[in-house]
Amino acid sequence: MTILDGKKVSNDIKDEITEQVKKMVAKGEKVPHLAAIIVGNDGASLTYVASKVRACERVGFESTMVRMSNTTSEVELLDKIEELNTDNDIDGFIIQLPLPPQINTQKVLMAVNPDKDVDGFHPMNFGKMALDMSTFIPATPFGILELMDRYGVETKGKHTVVIGRSHIVGRPMSILMGRKGFPGNSTVTLTHSHTKNITQITSQADIIISALGVPNFLKAEMVKDDAVIIDVGITRVADDTAAKGYVITGDVDFENVSKKASYITPVPGGVGPMTIAMLLKNTLLARERHMQ
Ligand code: NAP
């Protein structure tokens, strides 16, 4: 069994990006600039944005965090987005989700300039992805592809089962695994909360990508021998013995599933760090495109 070490690979990617930024600086070019809008005070969202800002510093990018109050109106947020859309200094930006209930998330994501949409959530970029065109691939699926690529995980002709169909993970993942090319060329089954007999489906899978957010959902009896297991889940589970009062738990019963798997991602240290590395990669891509 091989651990797909997202922490190590993400550090390799950050080192590669750092080298590219150094070359930009040496040539007197402007370095990539990522902005993040965060609305409200959600603890997990603040942690995620802080780690994205730290990652920018690590590779030499400029970063800007835009904090807006929990009572921000949709119009105020749309105005801020327009400001970033037209700010030539900003190459790409993200809007940390979830947004407060008074704001229509879909409307907000549609307002982002697709050329600056480094999360790849705009319908234009999502459509390009589905049509195999060059675009910003959402960072989590992009990170999973990169991890499989760097470990040489075979995907061609394999049966991939994706659990969860969210617009940011499961749905794009199912499209990408079925694309022509590597990683891809898989036969894909997309499952969700209405799927019947899920164990029957997962136990036939060569590759399982689990993105539902239910701790320890995927048990050893749901997995065949030598399957590749990608665990996207991140759930805070209360634990009085932990310093923070909680532990981060994945969707996979790692202890037992890892005994059967050929490759498996740990939580933490698997898909999570890859997501941030690929956001940086998309920002670099945005910068390069703006220079053309
Ligand atoms: P989401 O929007 O809540 O979607 C969850 C999906 O799981 C839905 O499609 C839902 O089906 C499906 N589902 C729920 N219960 C199920 C069941 N019993 N059997 C089969 N499918 C079921 O979640 P998300 O945003 O994709 O996130 C999923 C998990 O990944 C969360 O833990 C999240 O924190 C984590 N995540 C991690 C990263 C990272 O960087 N590692 C990035 C993003 C998300 P329906 O569509 O029928 O409701």
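Above this text is the structure in question.
An account of the accompanying structure is given in this report. All figures in this text were calculated on a predicted structure; none of them were measured in a lab.

Let's shift gears to the overall build of the protein chain. A tally of regular secondary structure across the protein chain gives 10 helices and 11 strands. Against the 2.2 N^0.38 benchmark of 19 Å for 292 residues, the protein chain shows a C-alpha radius of gyration of 19 Å, consistent with a compact globule. Taken along the three principal axes of its C-alpha coordinates, the protein chain extends 50 × 40 × 40 Å. Counting every atom, the protein chain has about 13,600 Å² of accessible surface; 52% of that belongs to carbon and sulfur.

A few words on the sheet that holds strand S2 (residues 33-39). A sheet is described by the order of its strands in space; here 3 strands give the open sequence S3-S2-S4, paired in parallel fashion. On the outer flanks of this sheet lie strand S3 (62-68) and strand S4 (92-95), each paired with one strand and no other. Averaged over all neighbouring strand pairs, the angle between strand axes comes to 15 degrees, with direction disregarded. As defined by bridge partners, S2 adjoins S3 across 7 bridges and the pair is classed as parallel. Looking at the pairing, Leu34 lines up with Ser63 of S3. Here helix H2 (residues 43-59) sits on the sheet and contacts S2, S3 and S4; the angle it forms with S3, its principal contact strand, is near 160 degrees.

Attention shifts here to the sheet that holds strand S1 (residues 2-3). Pairing in this open sheet of 6 strands is parallel, and the strands run S1-S11-S8-S7-S5-S6 from one edge to the other. Two strands lie at the open edges of the sheet, namely S1 and strand S6 (187-191), each paired on one side alone. In the sheet, strand S5 (residues 159-163) pairs with strand S7 (residues 207-210) via 4 bridges, with the strands oriented parallel. Residue Thr160 lies in a different strand from S7, and its bridge partner there is Ile207. Contacting S5, S6 and S7, helix H7 (residues 170-177) crosses the sheet at an angle of about 165 degrees to S6.

What follows is about the layout of surface pockets. In this structure, the largest pocket occupies an estimated 1,600 Å³ of space. If you trace the largest pocket, you find 50 residues lining it, with Tyr48, Ile234, Gly272, Thr275 and Ile276 closest to the centre. Elements supplying a minimum of two residues to the lining of the largest pocket: helix H1 (6-26), H2, S4, helix H6 (139-151), strand S9 (235-238), strand S10 (246-249) and helix H10 (271-291). Looking at the lining of the largest pocket, the element that brings in the most residues is H2, giving 8 residues. A breakdown of the residues in the lining of the largest pocket according to their chemical character gives 26 nonpolar, 15 polar and 9 charged. Estimated volume of the second largest pocket: approximately 280 Å³.

Before going further, it helps to spend a moment on the pattern of salt bridges. Within the structure shown, the criterion is met by 13 salt bridges. Between Asp89 and Lys30 there is a salt bridge, with the nearest N and O atoms lying 3.8 Å from each other. Here Asp89 is found in the loop between helix H3 (74-86) and S4, whereas its partner Lys30 is found in the loop between H1 and S2, with 59 residues between them in sequence. What makes Asp89 partly exposed here is its relative accessible area of 32%. Here Lys30 falls in the partly exposed class, since its relative accessible area comes to 24%. The partner of Arg179 in a salt bridge is Asp132, with the nearest N and O atoms 3.9 Å apart. With Arg179 in the loop between H7 and S6 and Asp132 in the loop between helix H5 (123-130) and H6, this residue pair connects regions lying 47 residues apart in the sequence.

Each value, and the rule that gives it
Residues numbered from 1 in each chain as written. Predicted model: local features only at pLDDT ≥ 70, side-chain atom pairs only at ≥ 80, totals over all residues. Heavy atoms only, no water. Helix = DSSP H or I, 4+ residues; strand = E, 2+ residues; numbered from the N terminus. Rg over C-alpha atoms; globule rule 2.2 N^0.38 Å. Areas by Shrake-Rupley, 256 points an atom, 1.4 Å probe, with all protein chains shown as cover. Pairing = 2+ DSSP bridges. Axes fitted to C-alpha atoms, helices over the stretch in contact; angles between N-to-C directions. Contact = heavy atoms within 4.5 Å. 1 Å grid on protein atoms, 1.4 Å probe; cavity = no way out; pocket = protein on both sides within 12 Å on 5 of 7 lines; lining within 4 Å. Points joined across faces, edges and corners; volume = space filled by probe spheres on them. Nonpolar A, V, L, I, M, F, W, Y, C, P; charged D, E, K, R; others polar. Salt bridge = Lys/Arg side-chain N within 4 Å of Asp/Glu carboxyl O. Buried < 20%, exposed > 50% of the residue type's maximum accessible area, 1.4 Å probe, protein only.

Everything listed here is a matter of coordinates, which is why it stays silent on function.
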